[in-house]
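Summary of the model geometry
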Amino acid sequence: MDLRIFTEPQQGASYDTLLAVAKAAEDLGFDAFYRSDHYLRMEPGDGLPGPTDAWITLAGLARETRRIRLGTLMTAGTFRLPGVLAVQVAQVDQMSGGRVELGLGAGWFEEEHRAYGIPFPKEKFGRLEEQLEIVTGLWATEIGQTFSFDGTYYQLTDSPALPKPAQAKVPILVGGHGARRTPRLAARYADEFNIPFASLEDSERQFGRVGEAARAAGREPGDLVYSNALVVCVGKNDAEVARRASAIGREVAELKANGLAGSPAEVVDKIGRYAAIGSSRIYLQVLDLEDLEHLELISSRIQPQLG
């Protein structure tokens, strides 16, 4: 089971804070540092110091980390044109020495689009499908050849399809709860399928759908990595769990029901139940980015028990 750190900087975090978390995650042996792609806080509060751009952040971290993998859950398709996104991700992959992964989603938070003047199209899923085809097609085009695409939403003509990522294949993540279109899209384009903030029952059901879609697309279900994103709140004792829950404005009982919360033993047990349904990677949603001792506790008391 891989454990990855997943942050939500739109809630209020500077680049320096994210750098500190990423370096701590790397030093403590976590597999990856991921961040959301949002420009607006989602709960009441000032959100200071303001939003940070996901791919600018990852570009900086690419030069200031050595081992840890870097990615997004999920890059919003509404924020970027697919040709530009392919250039951005390829460049950050080069800057990192080949450690980037691309989670790409349709985009959904209309309020942040209004706040920053970003068009919010009615048809988002069809755009996402074309974006995935374009980004992967540009990267797969041989050097010296060109790439063209004539879709409903995007058209590219004789693109040189440069630059190329450092990796021969940048891992692509597709995720979500949709019962039909999402599994089909994952089966066609994804190396990993992620389901965010889902119960064991919902996760198992969705993993099954993705596996069936993979077979229909001529792939084996095991060709994909299956992962979960879950909020985390761990403490050495009940008082520490309660303190950490209070710091993020949540109740302990709710966190235990919907995330990974409690003592290290409780969290290891629940991770084991996710592993039993096929999940091999957990994105730990860390909401208090100043509490690096939280990461140290997870690293020392949970990671060693996961094998």
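Structure first, text after, so check above.
A brief look at the structure comes next. Treat the numbers as computed from the prediction; the structure is a model and nothing was measured. (Residues numbered from 1 in each chain as written. Predicted model: local features only at pLDDT ≥ 70, side-chain atom pairs only at ≥ 80, totals over all residues. Heavy atoms only, no water.)

**Quick look at the overall build of the chain**
- Per the secondary structure count, the chain includes 11 helices and 12 strands.
- Against the globule reference of 19 Å for 307 residues, the chain gives a C-alpha radius of gyration of 19 Å, in line with a compact fold.
- Referenced to the eigenvectors of the C-alpha coordinate spread, the extents of the chain come out at roughly 60 × 45 × 35 Å.
- Out of the 307 residues in the chain, the part that is buried amounts to 55%.
- A separation of at least 24 residues holds for 73% of the contacts in the chain among residues at least 6 apart in sequence. (Helix = DSSP H or I, 4+ residues; strand = E, 2+ residues; numbered from the N terminus. Rg over C-alpha atoms; globule rule 2.2 N^0.38 Å. Buried < 20%, exposed > 50% of the residue type's maximum accessible area, 1.4 Å probe, protein only. Contact = heavy atoms within 4.5 Å.)

**Topic: the pattern of salt bridges**
- Evaluated as defined, the whole model comprises 23 salt bridges.
- Across the pair Arg244 and Glu240 runs a salt bridge, and its minimum N-O distance is 3.1 Å. Of this pair, Arg244 and Glu240 both sit in helix α8 (residues 238-247), separated by 4 residues, roughly a single helical turn. With respect to class, Arg244 is no different from Glu240; both count as buried.
- The salt bridge partner of Lys256 is Glu266, with a shortest N-O separation of 3.2 Å. With Lys256 in helix α9 (residues 252-258) and Glu266 in helix α10 (residues 264-276), this residue pair connects regions lying 10 residues apart in the sequence.
- Judged by relative accessible area, which is 32%, Lys256 ranks as partly exposed.
- When salt bridges with common partners are traced through the structure, they connect Lys236, Glu240, Arg243, Arg244 and Asp291 into a single cluster. (Salt bridge = Lys/Arg side-chain N within 4 Å of Asp/Glu carboxyl O.)

**Re the nonpolar core**
- Grouped together as the largest cluster of nonpolar side chains are 75 residues, with contacts concentrated most on Leu3, Trp55, Leu102, Trp139, Leu284 and Ile302.
- At 7 residues, helix α5 (residues 125-140) tops the list of elements feeding residues into this core.
- Sequence-distant contacts of Trp139, defined by excluding residues within four places in its chain, comprise Ala86, Val89, Ala90, Leu102, Pro163, Lys164, Pro165, Val170 and Ile172.
- Judged by nonpolar contacts, the second largest core, of 8 residues, contains Phe6, Tyr34, Met74 and Leu173. (Core = buried A, V, L, I, M, F, W, Y, C linked by side-chain atoms within 4.5 Å.)

**What to know about α5**
- Helix length check: α5, at 16 residues, gives a terminal C-alpha distance of 23 Å against a target of 22 Å (1.5 Å per residue), a fit within 8%.
- Most of α5 sits inside the fold, with 12 of its 16 residues counted as buried.
- Against α3 (82-96), β5 (100-105), β6 (147-150), β7 (155-159), β8 (172-175) and α6 (181-189) lie the buried residues of α5. (Expected span 1.5 Å × (residues − 1).)

**Side note on the packing of aromatic side chains**
- Within this structure, the stated rule accounts for 6 aromatic pairs.
- A ring pair is formed by Tyr39 and Phe79, whose centres lie 4.8 Å apart and whose planes are at 35°; its orientation type is tilted. Of the two residues, Tyr39 sits in the loop between β2 (32-35) and α2 (54-64) while Phe79 sits in the loop between β4 (75-76) and α3, which places them 40 residues apart along the sequence.
- Taken together, a centroid distance of 6.0 Å and an interplanar angle of 50° make the contact between Tyr39 and Tyr116 tilted. One end of the pair, Tyr39, is in the loop between β2 and α2; the other, Tyr116, is in helix α4 (residues 110-116), with 77 residues separating them in the sequence.
- What makes Tyr39 buried here is its relative accessible area of 17%.
- Aromatic rings pair up to connect Tyr39, Phe79 and Tyr116 into one cluster. (Phe/Tyr/Trp six-rings, centres within 6.5 Å; stacked < 30°, edge-to-face > 60°.)

**So, unusual backbone geometry**
- Residue Pro49 is bonded to the preceding Leu48 through a cis peptide linkage, with omega at 10°.
- Relative to the helices and strands, Pro49 resides in the loop between β2 and α2.
- Positive phi, normally seen in glycine, also occurs at Asp158, with a value near 50°.
- By the element assignment, Asp158 lies in strand β7.

**What about the packing of α6 against helix α7 (residues 200-216)?**
- Interhelical geometry of α6 versus α7 gives an angle of 55° and a closest axis separation of 8 Å. Judged on the interaxial angle alone, α7 and α6 are oblique. Every pair of crossing elements has a handedness; the one defined by α6 and α7 is right-handed. Along the contact surface, α6 presents Thr182, Pro183, Arg184, Ala186 and Ala187, while α7 presents Gln206, Arg209, Val210, Ala213 and Ala214.
- Residues belonging to the contact of α6 with α7 are distributed by class as follows: 6 nonpolar, 2 polar and 2 charged. (Axes fitted to C-alpha atoms, helices over the stretch in contact; angles between N-to-C directions. Parallel < 35°, antiparallel > 145°, perpendicular 65-115°, else oblique. Left-handed = near helix turned anticlockwise from the far one by under 90°. Nonpolar A, V, L, I, M, F, W, Y, C, P; charged D, E, K, R; others polar.)

**Some words on the environment of Ser279**
- Residue position: Ser279 is located in the loop between α10 and β12 (281-286).
- Here the alpha-carbon distance between Ser279 and Glu204, two residues 75 residues apart in the chain, equals 8.7 Å.
- If we skip the residues at most four places from it in the chain, Ser279 touches Met1, Phe207, Tyr226, Ser227, Asn228 and Tyr274.
- Reaching out from Ser279, the side chain makes a polar contact with the backbone oxygen of Arg281 at a distance of 3.4 Å. (Polar contact = N/O pair within 3.5 Å; in protein donor to acceptor, adjacent residues only side chain to side chain.)

This is a description of form; function is not addressed.
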